[in-house]
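Now for the letters of each chain:
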Amino acid sequence: MSRDYDVIILGSGPAGFSCAMQSAKFEKKALIIEANESYLGGTWINTGTVPSKALRETAGSIHRYTAQFGDEGRKPYERFRMRDVLRYKDRVLETQNSEIKDSLIKNEVDTALGFGRIVDPHTVEVTREDGTKKRFTADHILISTGATSQKPKEFEIDHVTVLDNRSILDIHYIPKRLVIVGTNIQAMEFATVFSALGTRVTVLSGHRSYMEFLDEEIREEFTRILEESRVSIFNRKKVLQVGPNPLRNCTEVKFQDKDTGDMHVVETELVLYFGDRKPNSGKIGLDELGLKTDKKGFISVDKNFQTAIPSIYAAGDVIGHPGLASVSFSQGRTASCHMFGITRFDTESAIPYGIYTIPEISSVGLTEDEARQQFSDVTVGKAYYRNLTKANIARTPRGMLKLVFETESLRLLGVHIVGNGACDLIHTGQAVLNFKGTARYFLDTVHNYPTYAEAYRVAAFNGINHMHKSGASYTSILGEEGG
Ligand SMILES: Cc1cc2nc3c(=O)[nH]c(=O)nc-3n(C[C@H](O)[C@H](O)[C@H](O)COP(=O)(O)OP(=O)(O)OC[C@H]3O[C@@H](n4cnc5c(N)ncnc54)[C@H](O)[C@@H]3O)c2cc1C
């Protein structure tokens with residue numbers, strides 16, 4: 001039976017975009033349906049990844065400039081204007097938006113604007129904002145509708161003094177004080193971005209700690225960096241009320257300690273709220289199809305991103321963890337490969353995590369604790385940025401790179417970095433890890449000098465020095481039999 005398309009994709013974020021592009025390369029006919037009638041690219045280009053990173057880029061430049069040339073006794077918010085910072089971000093978005101359109105046109109991917117709902121395993125109905133409806137059929141359907149931040153129950157996001165990840169991108173001035181409610185990755189990214197702009201940042205978290213998935217030493221180093229930047233973090237706090245205090249001309253945030261019940265108030269100019277991300281899986285026809293989600297609404301898929309209905313796939317934030325554009329790209333592509341019978345694509349390899357705080361944090365593979373639980377003998381090697389010529393030249397002395405490897409074989413198990421360039425640097429470690437390489441690679445390879453990448457060599461030597469101190473001879477470690 002002939003259908004309109006080979007694949008219909010709901011949502012034009014990274015999962016949908018990469019599925020469409022890969023399908024087009026396979027010479028398949030693809031249609032992207034996008035509910036937002038103003039722009040393509042989803043959270044990725046318009047409200048999440050790209051704009052927040054463009055904002056970070058300018059804050060990072062200001063931070064480096066201040067570190068290298070001094071602050072003339074003035075705070076960044078007295079020297080730089082938010083208008084210029086946002087203009088930079090807007091230019092980046094313009095380029096990215098036109099690039100996505102051009103790529104879809106060049107690869108002959110069709111687009112239809114409107115809200116998509118799956119009517120049966122091969123049919124999608126699209127409803128436009130003006131109420132008009134149209135149906136399309138396809139052999140395969142990909143759900144890549146993303147996720148949206150949940151709203152707070154205790155107070156309103158008015159987008160004037162209480163903001164979310166969208167409205168923070170449109171503020172007209174750099175605030176002197178900012179309270180961030182939430183401790184997910186994005187909350188920590190914005191905390192360091194505004195701190196770099198001179199803002200006094202307070203983070204109120206409901207959890208016991210933040211970013212607990214990180215290697216413990218990396219988290220400790222990052223905590224020291226936050227302390228130096230005067231970012232205050234209060235854990236186990238519940239925000240009860242946010243409102244204006246006209247007498248003191250500020251906004252007040254009232255919060256309670258979850259353990260002691262003590263009440264506190266903090267004064268601020270702006271509040272930035274990050275709620276949990278809720279999948280956009282309602283109203284798209286899943287119940288009628290009998291397609292299951294978990295309790296939070298995330299769609300269940302197998303390793304090929306196929307749902308229980310063989311013609312329907314799902315990828316990206318709508319399927320849950322880890323909720324990253326980087327991973328969504330790969331998932332959308334894998335789904336397309338599976339739809340069209342290309343099974344050689346390997347998705348089992350270690351996924352890197354990139355956290356765009358200032359400075360960045362990135363990791364791949366096992367943390368030291370995880371490695372010690374799984375392997376009987378583990379060695380750790382560390383390099384501190386303060387000992388790297390590059391960091392000295394760039395005045396970026398804070399940071400460390402940590403290698404975790406199995407002692408006997410020297411096989412690399414994990415790489416963890418906090419410091420400038422971490423999100424780029426990690427890929428050397430990722431390649432060695434995925435090719436099942438050893439720490440010897442870093443010892444035997446010439447690294448450009450001066451670079452941050454040199455930290456790999458320094459950390460590898462640090463690791464084998466520990467082994468030497470524990471009784472192993474250098475010749476046995478570095479000779480043929482070692483690794
Ligand atoms: C502030 C912030 C910063 C971030 N920074 C990073 C980062 O630095 N690195 C990183 O890797 N990730 C980052 N992320 C996460 C990243 O943005 C998401 O993981 C990624 O965008 C998810 O891609 P997706 O394709 O699943 O969905 P999305 O990008 O959310 O796109 C989904 C699209 O589907 C559309 N849609 C929804 N319902 C329908 C429907 N029924 N019919 C048709 N269309 C529909 C939506 O309008 C939207 O355009 C960040 C997120 C936020 C919020």
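The rules we used
Residues numbered from 1 in each chain as written. Predicted model: local features only at pLDDT ≥ 70, side-chain atom pairs only at ≥ 80, totals over all residues. Helix = DSSP H or I, 4+ residues; strand = E, 2+ residues; numbered from the N terminus. Rg over C-alpha atoms; globule rule 2.2 N^0.38 Å. Contact = placed C-beta atoms within 7 Å. Expected span 1.5 Å × (residues − 1). Buried ≥ 20, exposed ≤ 12 C-beta atoms within 10 Å, placed from the backbone. Pairing = 2+ DSSP bridges. Right-handed = clockwise from strand over helix to strand, strands pointing away. Near = placed C-beta within 6 Å. Nonpolar A, V, L, I, M, F, W, Y, C, P; charged D, E, K, R; others polar. Axes fitted to C-alpha atoms, helices over the stretch in contact; angles between N-to-C directions. Core = buried A, V, L, I, M, F, W, Y, C linked by C-beta atoms within 7 Å. Left-handed = near helix turned anticlockwise from the far one by under 90°. Domains from an automatic or database assignment.

**Examining the overall build of the protein**
- Assigned secondary structure in the protein consists of 15 helices and 22 strands.
- Here the C-alpha radius of gyration of the protein, 25 Å, is about what a compact globule of 483 residues would show, namely 23 Å.
- Across its three principal axes, the protein shows a C-alpha extent of roughly 70 × 70 × 45 Å.
- Partitioning the intrachain contacts of the protein with sequence separation of at least 6 by distance along the chain shows that 65% fall at a separation of at least 24.

**Comments concerning helix α1 (residues 14-25)**
- For α1, with 12 residues, the first-to-last C-alpha span of 16 Å sits near the 16 Å given by 1.5 Å per residue.
- Among the 12 residues that make up α1, 11 are buried, leaving the element largely enclosed by the rest of the structure.
- Structurally, α1 contributes buried residues whose contacts are with β1 (5-10), β2 (30-34), α2 (42-47), α5 (82-106), β6 (133-143) and α9 (325-339).
- Where α1 terminates, the next one or two residues include Glu27, which has phi positive at roughly 60 degrees.

**Re the pairing of strand β10 (residues 200-204)**
- With four of five residues buried, β10 is to be regarded as a mostly interior element.
- Note that strand β9 (residues 177-181) and β10 share five bridges and pair parallel. In the strand pairing of β10, Arg177 is matched with Arg200.
- The handedness of the β9 to β10 crossover, carried by helix α6 (residues 185-196), is right-handed.
- With three bridges connecting them, β10 and strand β11 (residues 232-234) associate as parallel partners.

**Section: the site of the ligand**
- Near the ligand lie 37 residues; those nearest to it are Gly11, Gly13, Gly42, Gly146 and Gly316.
- Mapped onto the shell around the ligand, the elements with two or more residues apiece are α1, β2, α2, α3 (49-69), β4 (115-120) and α9.
- For the shell around the ligand, the per-class residue count stands at 12 nonpolar, 22 polar and three charged.

**Description of unusual backbone geometry**
- Look at the link from His321 to Pro322: it is a cis peptide, with omega at 5 degrees.
- Mapped onto the secondary structure, Pro322 falls in the loop between β17 (312-314) and α9.
- At the junction of Tyr449 and Pro450, the peptide bond is cis and its omega measures out at -5 degrees in the coordinates.
- The topology assignment puts Pro450 in the loop between α13 (440-444) and α14 (454-469).
- In this structure, His159 takes a positive phi of about 65 degrees despite not being glycine.
- For His159, a count of 13 C-beta atoms within 10 Å translates into the label partly exposed.

**Looking at the sheet that holds β9**
- With respect to topology, five strands assemble into an open sheet ordered β8-β15-β9-β10-β11, the strand pairing being parallel. Where the open sheet ends on each side, the last strands, each with one partner, are β8 (162-163) and β11.
- Together, β9, β10 and β15 (270-273) form the strand contacts of α6, whose direction differs from that of β10 by roughly 165 degrees.

**Some points on the nonpolar core**
- Counting 128 residues, the largest nonpolar core has Ile8, Ile9, Ala20, Leu142, Ile180 and Val271 as its most contacted members.
- Among the elements that make up this core, the one with the highest residue count is α6 (eight residues).

**Section: the packing of α3 against α6**
- Where α3 contacts α6, the axes come no closer than 8 Å and their chain directions differ by 35 degrees. α6 is crossed by α3, and the crossing has left-handed handedness. Across the interface between the two elements, Ser52, Leu55, Arg56, Ala59, Gly60, Ile62 and His63 of α3 pack against Gln186, Glu189, Val193 and Ala196 of α6.
- When its residues are assigned to classes, the contact of α3 with α6 shows five nonpolar, four polar and two charged.

**Section: the domain arrangement of the protein**
- Taken as a whole, the protein is organised into domain 1 (5-148 + 278-339), domain 2 (162-275) and domain 3 (353-478).
- Computed over C-alpha atoms, the centres of domain 1 and domain 3 are 34 Å apart.
- Counting residues per element, the side of domain 1 that touches domain 3 draws most heavily on α3, at seven residues.
- In the side of domain 1 that touches domain 3, the residues fall into two nonpolar, four polar and two charged.

**Here's the deal with α9**
- Taking 1.5 Å per residue, 15 residues should reach 21 Å; α9 reaches 21 Å between its end C-alpha atoms and fits that length.
- Across the 15 residues that make up α9, a large majority, 12, are buried.
- Here the buried face of α9 lies against β1, α1, α2, α3, β6 and β17.
- Just downstream of α9 lies Gly341, where phi reads positive at about 80 degrees.

**Some words on the sheet that holds strand β22 (residues 412-418)**
- Taken together, the five strands give an open sheet; going across it, the order is β18-β19-β22-β21-β20, and neighbouring strands pair in antiparallel fashion. The two strands at the open ends of the sheet, each matched to only one other strand, are β18 (353-355) and β20 (378-384). When strand polarity is set aside, the average angle formed by the axes of neighbouring strands in this sheet is 10 degrees.
- Two elements, strand β19 (residues 361-365) and β22, share five bridges in a ladder whose sense is antiparallel. By the bridge assignment, Ile361 is partnered in β22 with Val418.
- On the sheet, helix α7 (residues 216-228) packs against β19, β21 (400-406) and β22 and is oriented at approximately 5 degrees with respect to β22.

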